[in-house]
Structures are given as structure tokens and as C-alpha cells.
Amino acid sequence: MGKFARKVQEKSDKYIPIVLHSLTIIFCMCTFIPIGSVKNYFHGECVLYAQPVLTAVTRPNNLTTITVDLVSSVWGELSTCYYVIYTPVVVGIYTFIWLWFHIQLRMSIFDEGNVLAAFIIGGVTNIILFITLFVTSCIVVVGTSQFCSNIETALNHRYDCSEVEDLVWSVYTDGRTHSFYRYLQLGQAGSWITLAILAVHIVFHFKKGMQLLPSRNDNSNETESIISDDECDATYQNHDINDETGSVRFHHTSSKNKSFKRSDESFLLPL
């Protein structure tokens, strides 16, 4: 790899995670804030899969008011809305922690030699979050579609769901309106975009982990193959003289590190 390519690789490894984490946080907010706002507008009721009881009243000034029967309406399960709202919250918090961790402690991770483990843990966690967020996205899409279909049915298909939000709703006595359809669409878009970014997260983590795995093995092999003079020393001790041949026998002992085995040798020197 050339010098320029190496610099590009280093820059990408440094800034790609920061960009991905930042985008994840932004689009997580684009998911739970709009859906939570719609829930609050309908007095804390969950609109996903809801079957509202509506009545359209047209006044003499051609102003149409949608009257909502909050008591008779069949609202969605609160647990469903809580799951849809708090799942992206958890993803956003997790991503913020990793963003801070990457910026502040990146060099410490390299010093401790835990880079590979960090990438593997991050990849596995992203897979879990990807699955939970995929369920969230499906719930938002199907729940919103059914809610809009029930609204159109309750109003005898006189209005489209995107048009109903522009009418005056009787949810609040002060005539407060809410762009609930746009907010639900924004929540859908935010959840799917976050899902796509998490998929990129997963690919990046495991790709980086696979790059680190062989490099660590190569470094360990090189370390074991390098033996310094201080690590391999030899001493000569316990010599004796053979009276018959007139030669001197030296007993040679070599001590080495874990890459070499200890051996005892003897050799003869003629006198």
C-alpha cells in the first residue's frame, strides 16, 4: 500500500465512524420526536393501529371541524408506542456513548490492544439494535397505514389522510392543529434511514475486525521469531579429561526464551 493510500485509509478509519455515529443520532431523533409529539397531541393515546371515532362538521364559513370521540375510539396499545418511541432513544444513547468513546479514548484502545474485541462487540451490538429497529420500522409503517385507513373509513372517504391533518380537530378546545400525518411519515423515514446506517455500521465493524485479525497474528509471529543476543546465552561448565584419548570434554548448556528449547550438549576437543 502506497503512502497516499495509507493516509487515506487512516483518515477514513478515523472519520467514517464519527460521521456514521453522528448521522445515527440525528435520524434517531427524527424518529422518536415526531412519533412522541403525535402521541402527546392525542392526549397520550397511541395512534398506531387506532380506530378513531370521528365526525366531520362543516360550518357555514366552509370550515370543516373533525370531532374526535376520545372515549369511544379504540386506540393502539401504549406498549406498542412505547416500544416504537424508546427503541430509537436507546439506539441514540448507545451511539452517543460510542461516539464519545471513539473520539476521547481511541488511542487508549490501541494502547491496550483491545481494538479487535471492541470492533467485534460493536458489530454484534449493532446487529441486535438493527433487528429491534427493523421491528420498530415495520410497526410504524403498518400502524400508520392502518390508522390512516381507519380515518378515511370513519369519514366515508371524503378526505385523504394527508388532507385530514389540515382540518380543525376538536382534540383541544382552542382549535390547536397538528401535522400528525407529516410527523408519522417523518418517523417512518427516520427509522428506515437509521436502519440503513446501522447496516453500514455492521459492515464497517466486521470489515475492520477482519483487517485487524491477520495483522495481529503476523505481528505475534514476528515477535516470536526475533531473538536477541541477550535472550540466548551459552555457558560452558564441568569439563573432564579422557585419559585414554587425551581429549578434554566440555559440557555446553544453552538457555533460550520460549521460542527455543533448553538443550545440553557435549563436545570433544583434542589435546
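Here the residue index of a chain counts from 1 through its sequence in written order. For this predicted model, a pLDDT threshold of at least 70 governs which residues receive local features, and a threshold of 80 or more governs which side-chain atom pairs are given and counted, while totals over whole chains, interfaces and linings are taken from all residues. The basis for every side-chain value is the complete set of heavy atoms in the structure, and neither hydrogens nor water enter the calculation.

Within a sheet, adjacent strands bond to each other through the backbone by hydrogen bonds, running parallel or antiparallel. An order of β1-β2-β3 is seen for the three strands of this open sheet, with the pairing classed as mixed. Single-partner strands in this sheet number two, and they are β1 (46–58) and β3 (168–169). Across eight bridges, the pairing between β1 and strand β2 (residues 64–76) is antiparallel. Paired with Thr55 across the bridge in β2 is Thr67. Criterion used throughout: strands pair if DSSP finds at least two bridges between them. Numbering of helices and strands starts at the N terminus; helices are DSSP runs of H or I of at least 4 residues and strands are runs of E of at least 2.

Each aromatic pair joins two rings of Phe, Tyr and Trp (for Trp, the six-membered one) with centres within 6.5 Å, and gets the label stacked for planes under 30 degrees apart, edge-to-face for over 60, and tilted for any other angle. Going through the model one piece at a time under the given rule, you end up with ten aromatic pairs. Both rings, one in Tyr94 and one in Trp98, keep their centres 6.2 Å apart while their planes meet at 55 degrees; by these two values the pair is tilted. Of this pair, Tyr94 and Trp98 are both found in helix α2 (residues 78–112), four residues apart, which corresponds to roughly one turn of the helix. Like Tyr94, the residue Trp98 is buried in the burial classification. The structure contains a cluster of three or more aromatic residues connected by ring pairs, namely Tyr41, Phe42, Trp75, Phe147, Trp169 and Phe180. For the exposure calls, accessible area comes from a 1.4 Å probe over protein chains only, and a residue counts as buried if that area is under 20% of its type's maximum, exposed if over 50%, partly exposed in between.

We call a pair of cysteine sulfur atoms a disulfide when they lie within 2.5 Å. Within the structure shown, the criterion is met by two disulfides. Disulfide partner of Cys46: Cys81, at an S-S distance of 2.0 Å. Where Cys46 bonds to Cys81 through sulfur, the torsion about that S-S bond is close to 80 degrees, and the disulfide is right-handed. You can see Cys46 sitting in strand β1 and its partner Cys81 sitting in helix α2, a full 35 residues away along the chain. Given a relative accessible area of 0%, Cys46 falls into the buried group. Each disulfide of the protein chain joins two cysteines, and with those cysteines numbered along the sequence the arrangement is 1-2, 3-4. Of the cysteine sulfurs around Cys28, a residue in no disulfide, the closest is that of Cys30, at 9.2 Å. Among the residues examined, Cys28 registers a relative accessible area of 1% and is labelled buried.

What follows deals with the side chain of Lys39. By the secondary structure assignment, Lys39 is in helix α1 (residues 3–41). In what follows, residue pairs with any heavy atoms lying within 4.5 Å of each other are defined as contacts. Those residues in contact with Lys39, other than ones at most four positions away along the chain, are Gly44, Glu45, Leu78, Cys81, Tyr82 and Ile85.

Take the environment of Ile131 next. Mapped onto the fold, Ile131 is located in helix α3 (residues 115–154). On the accessibility criterion, Ile131 (51% relative accessible area) is exposed. Spatially, the C-alpha atom of Ile131 lies 9.9 Å from that of Leu198, the residues being 67 residues apart in sequence.

Right, let's get into the pattern of salt bridges. Salt bridges are counted wherever a side-chain nitrogen of Lys or Arg sits within 4 Å of a carboxyl oxygen of Asp or Glu. A full pass over the atoms with the stated rule returns two salt bridges. Notably, a salt bridge pairs Arg182 with Glu165, separated by 2.9 Å at the nearest N-O pair. Of this pair, Arg182 sits in helix α5 (residues 180–225) while Glu165 sits in the loop between α4 (161–164) and β3; the two residues are 17 residues apart in sequence, bridging distant segments of the chain. The partly exposed category is assigned to Arg182, whose relative accessible area is 46%. Glu165 gets classed as buried once you look at its relative accessible area, which sits at 3%. Arg182 is the salt-bridge partner of Asp166, the closest N and O atoms lying 3.8 Å from each other. Of the two residues, Asp166 is situated in the loop between α4 and β3 and Arg182 in helix α5; the sequence distance between them amounts to 16 residues. Through salt bridges with shared partners, one network takes in Glu165, Asp166 and Arg182.

Right, let's talk about the UniProt feature "transmembrane region" (unreviewed entry) in the protein chain for a bit. UniProt positions are given in the numbering used here, feature names are shortened, and annotations may be inferred rather than shown by experiment. The positions that UniProt labels "transmembrane region" (unreviewed entry) are, in the present scheme, residues 15–35, 83–103, 115–142 and 189–206. The span residues 83–103 carries 100% helix and 0% strand; its end-to-end C-alpha distance comes to 30 Å. Regarding residues 189–206, the helix share stands at 100% and the strand share at 0%, and the terminal C-alpha atoms are separated by 26 Å.

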